[in-house]
Amino acid sequence: MSGSGAALTAAPASARSAAAKGLIMRTAERLYASRGLAEVSIRQIGEAAGQRNKSAVQYHFTGRDELIKAILAEHAEATERHRFAMMSPLGDVAGLSLRDQTRCIVLPRIEHHVELGTPSWYGRFLAQVVVEPALREYALQAHLDTPSLRRLYDAIHSRRDRHGPGQAYDPERGARREAMIRQLVVHMTAELEAELAREQPAADIAAEAWRRLGADLVTAVCGLIAAMDADENT
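Overview of the structure. What you are looking at is a predicted structure, and each value in this text was computed from that prediction instead of being measured. (Residues numbered from 1 in each chain as written. Predicted model: local features only at pLDDT ≥ 70, side-chain atom pairs only at ≥ 80, totals over all residues. Heavy atoms only, no water.)

**Side note on the packing of aromatic side chains**
Stated formally: Aromatic rings from Phe, Tyr and Trp, with only the six-membered ring used for Trp, were paired whenever their centres fell within 6.5 Å, and each pair was classed as stacked if the ring planes differed by under 30 degrees, edge-to-face if by over 60, and tilted otherwise. For helices the rule is a DSSP run of H or I covering at least 4 residues; for strands it is a run of E covering at least 2, with both sets numbered from the N terminus onward. Burial classes follow relative accessibility: with a 1.4 Å probe on protein chains only, a residue under 20% of its type's maximum area counts as buried, one over 50% as exposed, and anything between as partly exposed.
By the definition in use, this model includes one aromatic pair. Centre to centre, the rings of Y32 and F125 are 6.4 Å apart; their planes meet at 35 degrees, and the pair counts as tilted. Here Y32, found in helix 1 (residues 2–35), pairs with F125, found in helix 6 (residues 122–129); they are 93 residues apart in sequence, far enough to count as distant. Across this residue pair, the class does not change: Y32 and F125 are buried.

**Brief notes about the packing of helix 4 (residues 64–87) against helix 8 (residues 147–157)**
Applicable threshold: Every axis corresponds to a line fitted to the C-alpha atoms, with the helix fit spanning only the stretch in contact, and the corresponding angles, defined between N-to-C directions, vary from 0 to 180 degrees. These descriptions rest on fixed angle ranges, namely under 35 degrees for roughly parallel, over 145 for roughly antiparallel, 65 to 115 for roughly perpendicular, and the rest for oblique. By the convention used here, residues are in contact when the closest approach between their heavy atoms is within 4.5 Å.
Contact geometry for helix 4 and helix 8: axes closest at 9 Å, N-to-C directions at 55 degrees. As judged from the angle between their axes, helix 4 and helix 8 are oblique. From helix 4, E80, R83 and M87 reach across to helix 8, where they touch P147, S148, L149, R151 and L152.

**Remarks on the pattern of salt bridges**
Just so we agree on the cut-off: Note on definitions: salt bridges are taken to be side-chain nitrogens of Lys or Arg within 4 Å of carboxyl oxygens of Asp or Glu.
Considering all chains together, one arrives at 15 salt bridges under this definition. Across the salt bridge formed by R26 and E74, the nearest N and O atoms sit 2.7 Å from each other. Taken together, the positions of R26 in helix 1 and E74 in helix 4 put the pair 48 residues apart, joining distant regions of the chain. Judged by relative accessible area, which is 31%, R26 ranks as partly exposed. Here E178 and R150 are joined by a salt bridge, their closest N and O atoms 2.9 Å apart. Pair noted here: E178 is in helix 9 (residues 171–199) and R150 is in helix 8, with a separation of 28 residues, a long-range link. Overall, E178 belongs to the buried group, its relative accessible area being 9%. Using a relative accessible area of 28% as the deciding quantity, one classes R150 as partly exposed. Through salt bridges with shared partners, a single ionic network connects R26, E29 and E74.

Dropping the structure here:
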């Protein structure tokens, strides 16, 4: 009986802890997105999240960087779910066209933004994090280490029709290509997110704007890759 009673009392406490943790993450994301990482303290996050205990953020996350990493991991997992659902019916990604491979890179991120609704903060939050020296590499790996995205980039880099006779894949150039794609996608999604937050359109109009941006990004990324490949083969 005593063990059963302990389990009954532990469950609500665990639920409250999970709810507090989620509230802190959403509050931190909003404040970092709107003010910048350097302008927001752990104490301000706790106060804005309605935490009476001044050490609540440290209790759940130990510090700023662990809090930010938790937010990044949550979004990476959500985006991976969209990408997995998109890629599963397509079979071997190496056999897809460059445009379809690019769609699988870009559009799951777009669908995650649609899912977040308006206003959302993730796009602007990520744009802040990727230029923070202490967090930049973690932010990149949080997404690149997802199985589906790594498979897509590997497939793009190894496309046989992209290299002239006797030419091999250049890892340095490949990394630069990835960085250019990332900058384009991250900062364009941050811009649209800010615009939608200002205008507060209906959900269907916001979703249409996101998907229009997704289509434009696919075209832009394909053009970027094709231009770099053409230059490499001249």
